[in-house]
Structure formats: structure tokens, C-alpha cells
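What follows is each chain in one-letter form.
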Amino acid sequence: MQSARDAGLCRCHTCGLLVEYVPHHDCPRCGSALHQRIPNSLAWTWGLLALATFMLLPANLLPITLFYNKGILQADTIFSGIQSLIRSHMSGIAGIVFVASIVVPIMKIIGLAWICLQLQRTKPVRRKRQLRMYRIIDFIGRWSMLDLFVISLMVALVDRGILLDVSAGPGATAFAGVVVLTMLSAKMLDTRLLWDKADR
């Protein structure tokens, strides 16, 4: 089956218009530069994945919530928050938080790194398997913000006064960084490279 690239066509990355590809020309509809593939897609994906991996440490080690109760500070990391939920007999919620906050970000990084490594190998890739993994990673990415959503609900619902005060800790910022960086790395990975490599 002939591809759009073989037919000399190109899809604008900004507005989606399918046009004839001419090097160094802009899209006639929105004026964006035309590229048959996302420029430096693998380099951008690797760089964003490296930053996300680096941010995993502070995200898991620093407090994600700061809870002041009668002037006493209680700082919870992701792990201590999960332990507190288990002690409160809320194992189901603890399991959901564990999967969404720890398993999902790590598996996203490993999965995207595996796809990038396959693209850099000299052997042809099994594009359907890797595309299936990419779609799963892209789909579950929206659930990675569960922790931050819970924190925002706590801050909104708990009385912020003299006796009680809840705020997001530095771990929440680092965790948000991990989520955003993994989402950006998934968007920067041009899956059409799988077809290019399989055709060689």
C-alpha cells in the first residue's frame, strides 16, 4: 500500500491539512513549516524521558502534601500516603493511588524508552506491537494526574483556617513535572518512524 510520503504528500502538524510536500515551504492554510516527519523526534523524546526519569526521585522522596493540624505539621510522601490509606482500611483506594502514581509513570518511561531503542536498532521492528504499546501509553497518560487531582480536592474541601491547613508539597510539583514530561515525550515521538523502519 502506497504511503502519503511515497506519493509526495505531507500532513501539516499544526492544522492537519494534507498538501504536496515541497522542502522548506510553509502550509498554505496556517503558515506553519511543513515536515514529513517531526524534526529530531527521537532526540526530543529521549531528552524529555531523561528529564522525567530525573524528576521521579524528588516526586517520590519529597512530601506531596503538607497538612497542618493545630500547628503540628504532617508531611506525606506518595509512599507514606499509601501506607496511611492502608492503615485506614482503604486498601482499594491505596491500590489505585499506587498504580496511578508509581506504576503508571515508571511503565510509561520504560515503554517509551523501549520503543525508542527499537527504532534505533538496525533490525526491522514489529511495528504493530510497538504501536499498540504506544496507544496504551498515550491512553493511560490522562490518569497520571490522579494524585494531583486528589490534592486539589483536599485543598478545596478542607477548612483553611487556624486549626487546619492543607497545601501541596514540593513532591507534587515534581510529580506534575514527571506527568507533563512523559506526556510531551509521547507526543514528540513520531510513530510514523515505525513504518519507515519496517519498510527498510
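Residues numbered from 1 in each chain as written. Predicted model: local features only at pLDDT ≥ 70, side-chain atom pairs only at ≥ 80, totals over all residues. Heavy atoms only, no water.

Selection criterion: UniProt positions are given in the numbering used here, feature names are shortened, and annotations may be inferred rather than shown by experiment.
The chain appears in an unreviewed UniProt entry as Paraquat-inducible protein A-like protein from Aeromonas diversa CDC 2478-85. Checking UniProt for the chain, the heading Subcellular location (unreviewed entry) contains the comment "Cell inner membrane".

**With respect to the environment of Leu 85**
So the rule is basically this: Labels follow the DSSP assignment, with helices taken as runs of H or I lasting at least four residues and strands as runs of E lasting at least two, numbered in each case from the N terminus. A 1.4 Å probe rolled over the protein chains alone gives each residue an accessible area, and that area as a share of the maximum for its type sets the label: buried under 20%, exposed over 50%, partly exposed in between. A contact between two residues is defined here by any heavy atoms of the two lying within 4.5 Å.
Along the chain, Leu 85 turns up in helix H2 (residues 78-87). Owing to a relative accessible area of 19%, Leu 85 belongs among the buried residues under this scheme. Between the C-alpha atoms of Leu 85 and Gly 95, which are ten residues apart in sequence, the distance is 9.2 Å. Apart from residues lying up to four places away in sequence, Leu 85 is in contact with Met 90, Ser 91, Ile 93, Ala 94 and Val 97.

**Overview of unusual backbone geometry**
For residues that are not glycine, phi is negative in most cases, and the peptide bond is trans in most cases. Not every positive phi belongs to a glycine, and His 24 is a case in point at roughly 65°. Among the secondary structure elements, His 24 is positioned in the loop between strand S2 (18-20) and helix H1 (41-61). Given the relative accessible area of 82%, His 24 is considered exposed. The phi angle at Asn 40 is positive, at roughly 55°, despite the residue not being glycine. For Asn 40, the location among the structural elements is in the loop between S2 and H1.

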